[in-house]
Amino acid sequence: MTAGKTLRIGLTGGIASGKSTVSDFLAQMGAAIIDTDKIAREVVQPGSPALQVITERYGRAILNEDGSLRRDRLGEIVFASPAEKQWLEALLHPLIKARAAELAQMATEKGVPAVVFDVPLLFESGWNEPVDAIWTVYVSPVVQRERLKLRDGFTDEAATARLAAQWPIDEKAKRADVVINNEGTPAETQRQVAAAWRALRGLEQQ
Ligand code: ADP
């Protein structure tokens, strides 16, 4: 592997498994982080073609008074109807992927050592942007539930519902090229990130 090549990493994990924590470490090492959750919010901003299409389908009740999308309402609609979920994904996924590819291209042109696609639902959504490696940030479901409750103030029930809406984290770990175990201290996680980064960049021998 040549030193000058920009590597592409697909970063995933479960809710509250530590993706943000790991992407912060990767950013400190010089990687450009492409946050697909953030892009998903950008593509439906007021004035965007996608928000226009969504408003035509669901009426103005899907908008707040300031013209922004009522994400809670849209969430209820797609949670209740697989067909609506499919419709919305068919609209948004290509836009999100196109913007992510554009940002990756810009970062590559700047010569960053790696671009990291932070995609919480990488496996569930059939993400197919080519990457050199998929990294899964892993904690056991027990730790995951506790951290989720602590971070977001969820009850046991709410946390369980969130976990049930995603693939089990063990399944994501099985399919990854690299598993970062985030059950220990942040410093231990950082060491694993640094080691995996060196291995991927072919710097083990240096
Ligand atoms: P994600 O981005 O996958 O949803 P976060 O990185 O936000 O997960 O981590 C979830 C929660 O767990 C946050 O409150 C974070 O501060 C905490 N956390 C992350 N890594 C660790 C760790 N190694 N030890 C203790 N707490 C952690």
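Look a little higher up for the structure.
Bear in mind the structure is a predicted one, so any value in this text is a computation, not a measurement. (Residues numbered from 1 in each chain as written. Predicted model: local features only at pLDDT ≥ 70, side-chain atom pairs only at ≥ 80, totals over all residues. Heavy atoms only, no water.)

## A look at the packing of helix H1 (residues 19–28) against helix H9 (residues 186–200)
Angle between the axes and distance between the axes: these two values describe a pair of packed helices. Remark: H1 packs on H9, axes separated minimally by 10 Å, with the N-to-C direction vectors making an angle of 55°. On the basis of their axis angle, the class for H1 and H9 is oblique. Crossing hand, H1 versus H9: right-handed. Contacts from Val 22, Phe 25, Leu 26 and Gln 28 in H1 reach Pro 186, Thr 189, Gln 190, Val 193 and Trp 197 in H9. Tallied by class, the residues present in the contact of H1 with H9 amount to six nonpolar, three polar and no charged. (Axes fitted to C-alpha atoms, helices over the stretch in contact; angles between N-to-C directions. Helix = DSSP H or I, 4+ residues; strand = E, 2+ residues; numbered from the N terminus. Parallel < 35°, antiparallel > 145°, perpendicular 65-115°, else oblique. Left-handed = near helix turned anticlockwise from the far one by under 90°. Contact = heavy atoms within 4.5 Å. Nonpolar A, V, L, I, M, F, W, Y, C, P; charged D, E, K, R; others polar.)

## Some details on the pattern of salt bridges
Counted under the stated rule, the structure contains 13 salt bridges. When the shortest N-O distance is used, the salt bridge between Glu 89 and Lys 85 registers 3.4 Å. Residue Glu 89 and its partner Lys 85 are located together in helix H5 (residues 82–110), separated by four residues, close to a single helical turn. A salt bridge links Glu 102 to Arg 99, with the nearest nitrogen and oxygen atoms 2.9 Å apart. Residue Glu 102 and its partner Arg 99 are both found in helix H5; the two are separated by three residues, about one turn of the helix. Glu 102 sits in the partly exposed class, given a relative accessible area of 42%. Residue Arg 99 is classed as partly exposed on the basis of its relative accessible area, which comes to 30%. A cluster of three or more residues bridged by salt bridges with shared partners is formed by Glu 146, Lys 149 and Asp 156. (Salt bridge = Lys/Arg side-chain N within 4 Å of Asp/Glu carboxyl O. Buried < 20%, exposed > 50% of the residue type's maximum accessible area, 1.4 Å probe, protein only.)

## Topic: the nonpolar core
Core analysis: the largest hydrophobic core is formed by 31 residues, its most contacted members being Ile 54, Ile 62, Leu 92, Val 115 and Phe 117. Those elements giving two or more residues to this core turn out to be strand E2 (32–35), helix H2 (36–42), helix H3 (49–58), helix H4 (71–80), H5 and strand E3 (114–118). Once you skip the residues sitting within four places of it in the chain, Leu 92 turns out to touch Val 43, Val 44 and Ala 50. (Core = buried A, V, L, I, M, F, W, Y, C linked by side-chain atoms within 4.5 Å.)

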